[in-house]
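In case you want the letters, here they are:
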Amino acid sequence: MILEKINKPNDIKKLSPIEYNQLADEIRQFLIDKISVTGGHLASNLGVVELTMALHIVFNLPKDKLIWDVGHQSYTHKILTGRKNQFDELRKFGGMSGFPKRNESDYDAFDTGHSSTSISAGLGIAMARDVQHEDYSVVSVIGDGALTGGMAYEALNNASGIKGNFVIILNDNTMSISKNVGGVSNMLSEIRSSDSYYDLKENIGNVLYKLPKGDKVVKLIQKTKSNLKQVILHDSMFESMGIYYLGPVDGHDMDKLIKILTVAKRINGPVLVHVVTQKGRGYKPAERNPSKFHGIGPFDVATGMEINKSDRPTYSQVFSNSICEIAKKDRSVCAITAAMPDGVGLAKFSKWFPDRFFDVGIAEAHAVTFAAGLSAGGLKPVFAVYSSFLQRAYDQILHDVCIQQLHVVFAIDRAGLVGSDGETHQGIFDISFLSSIPNMTIMAPKNDYELKSSLEFALEEFNGPIAIRYPRGEAVVRFREFNAPVEYGKAELMYEESDIAILALGSMVDTAFNVRERLKEQGYNVTLVNARFVKPIDSAMLDKISTTHKLIVTLEENVSSGGFGRAVCQYINDKELHNYVLDISLPDDYIEHGSVDILRRETGIDEDTIVKRITAVYNNIGDNNNEQ
């Protein structure tokens, strides 16, 4: 076993070239075996095994800096930097992260989790190196799907000014999470087909670099090569921006990868190495369906089928069915995704209504302003997006949608704790940043039925910016007896008693119901309110319960700062009502990876902790000061 020789950083440099291919095979099998148990990002990691090995062979890490865009493809990097034995705890609470983390290893040069960031980060590190007159290489790896993100072009536009070595690896696998779309994908497809140009350039370059003063000859040829290149390949966008272009090269050919990276390392200035890889390589189920294996739970290696997958519908599936039903009746309804039709539940919509479906690629800011344009043009756009990715479009929500009060519906998936992907993916800030925007309405349904009715309300009865947030995973299917029609800004009173009133939001209604049952067993009188609306809050409901309840408890799966609980506290204070408010929410912090159940317990929003906090506060109320 060659992999047994890889136990600490740079062990790969001790291997013979004849061992490289076997090591790649063993790493793939290792990843398949480990991820089948823990779950994780499989397809993307299988695609970059040889590329990662070549980077570790050619570059001197950690002196040289390696930045991974998104970072979910860094598993092989972690194996090669001494973390092989930590994979049994991958993405578990207290275990190894599924993304690069600077506090985890000196070999992780920059924390990543969102797309299109690596060139900007790498350029910043390279500039810092030059300002301080240091000497090392900086390598930024970015996927072709991430090049649809505008931030990548902002960085490329500035990269030509760098004087020292700055290597951009374009990992071109024709995929982001789902299949890539748009002009960038088409351009790269043309370049990929031009092997004759690359073979000629590689052979000439390799010969010349071996000659005396070969570097100068290469630079001279670079200045006069445009005529030759036009015969074989259309002018490269990258070289037009002042970035030296090498490639395309087979991303699974170790010999070619090492040669081209060695050349790239010698170039002073920005150089882009175009590497063509296959997502899911080496595991047939992942090769056939790379989108499914982008991020997957535990699965059976022999069949590729997920283990213990529930038959209950997820919130994404409920959304999918609901929007399709509405769109059948209303031809003005259209849907937008940022490269995630499967993840957000729009795959069915894309098949049923292809003329009203828009995949803009990894470009959330563009998606929002595009939606604003669709609305201004008379359509009813729904932008379905993960909560953590909507953060990338805050200015566009405020400036292009809300100032104009355009009718755009934000279907915010993965709101709240998402679990194993950790800090960069937890959807725990959307209430806070959306609540700060005038003209924005925010809803949080309690179950599957209410998600459907909320979407119907947003599209057919409302006219303006509106967001509907719902969590990851299985939809709550109980509470069908509580189905009061959705009215703007109105909460739903589920149980009315006295003394303690629980106002729960979205995913926390299910928790609140169980908390109420346990409090009732202890003899407490408890009112339960499904808040339904974050903004505006139901002031009439608050006025009503304030007269008969000593303690008002708010429950939400969002950070406390700027959250629903703080809005309730402010209302009670402003009205000078004499109630004690207990705000139960997530801490103002970044929450690490781990199962949602563990994270709820660690952050104090699990049933046991909530019951203890409510009883302790209620039994000790001695003044009217709100707990903030």
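Above: the structure in question.
Residues numbered from 1 in each chain as written. Predicted model: local features only at pLDDT ≥ 70, side-chain atom pairs only at ≥ 80, totals over all residues. Heavy atoms only, no water.

Enquirer: Can you tell me about the side chain of serine 507, naming the residues and giving the values?
Expert: Considering the arrangement of structural elements, one finds serine 507 in the loop between strand 13 (499-504) and helix 21 (508-521). Of the polar contacts made by the side chain of serine 507, one reaches the side chain of glutamate 557; its length is 2.8 Å. For serine 507, the residues in contact, after removing those within four places along its chain, are Pro445, Pro471, Glu557 and Arg600. (Helix = DSSP H or I, 4+ residues; strand = E, 2+ residues; numbered from the N terminus. Polar contact = N/O pair within 3.5 Å; in protein donor to acceptor, adjacent residues only side chain to side chain. Contact = heavy atoms within 4.5 Å.)

Enquirer: Describe the pattern of salt bridges, listing the residues and the values that go with them.
Expert: Evaluated as defined, the whole model comprises 37 salt bridges. The shortest N-O distance in the salt bridge between arginine 532 and glutamate 492 comes to 3.6 Å. Of the two residues, arginine 532 is situated in the loop between strand 14 (526-530) and strand 15 (533-535) and glutamate 492 in strand 12 (residues 492-495); the sequence distance between them amounts to 40 residues. The class for glutamate 492 is buried, based on a relative accessible area of 4%. Arginine 518 is the partner of aspartate 608 in a salt bridge, and the nearest nitrogen-oxygen pair spans 2.7 Å. With aspartate 608 in helix 25 (residues 607-619) and arginine 518 in helix 21, this residue pair connects regions lying 90 residues apart in the sequence. Judged by its relative accessible area of 40%, aspartate 608 falls in the partly exposed class. Because the salt bridges share partners, they merge into one network encompassing Lys78, Arg83, Glu104 and Asp108. (Salt bridge = Lys/Arg side-chain N within 4 Å of Asp/Glu carboxyl O. Buried < 20%, exposed > 50% of the residue type's maximum accessible area, 1.4 Å probe, protein only.)

Enquirer: Hey, could you go over the sheet that holds strand 1 (residues 65-68) for me, with residue numbers and the actual values?
Expert: Strand order in this open sheet of five strands is 1-2-3-5-4, and the pairing throughout is parallel. Each of the sheet's edge strands pairs with one partner strand only, and the pair in question is strand 1 and strand 4 (244-250). Pairwise comparison of adjacent strand axes, ignoring direction, gives a mean angle of 20° for this sheet. The pairing of strand 2 (residues 138-143) with strand 3 (residues 165-172) spans six bridges and is parallel. Bridging from a neighbouring strand, valine 141 pairs with isoleucine 169 of strand 3. Helix 3 (residues 49-58) contacts strand 1, strand 2, strand 3 and strand 5 (269-276) of the sheet and is inclined by roughly 160° relative to strand 1. (Pairing = 2+ DSSP bridges. Axes fitted to C-alpha atoms, helices over the stretch in contact; angles between N-to-C directions.)

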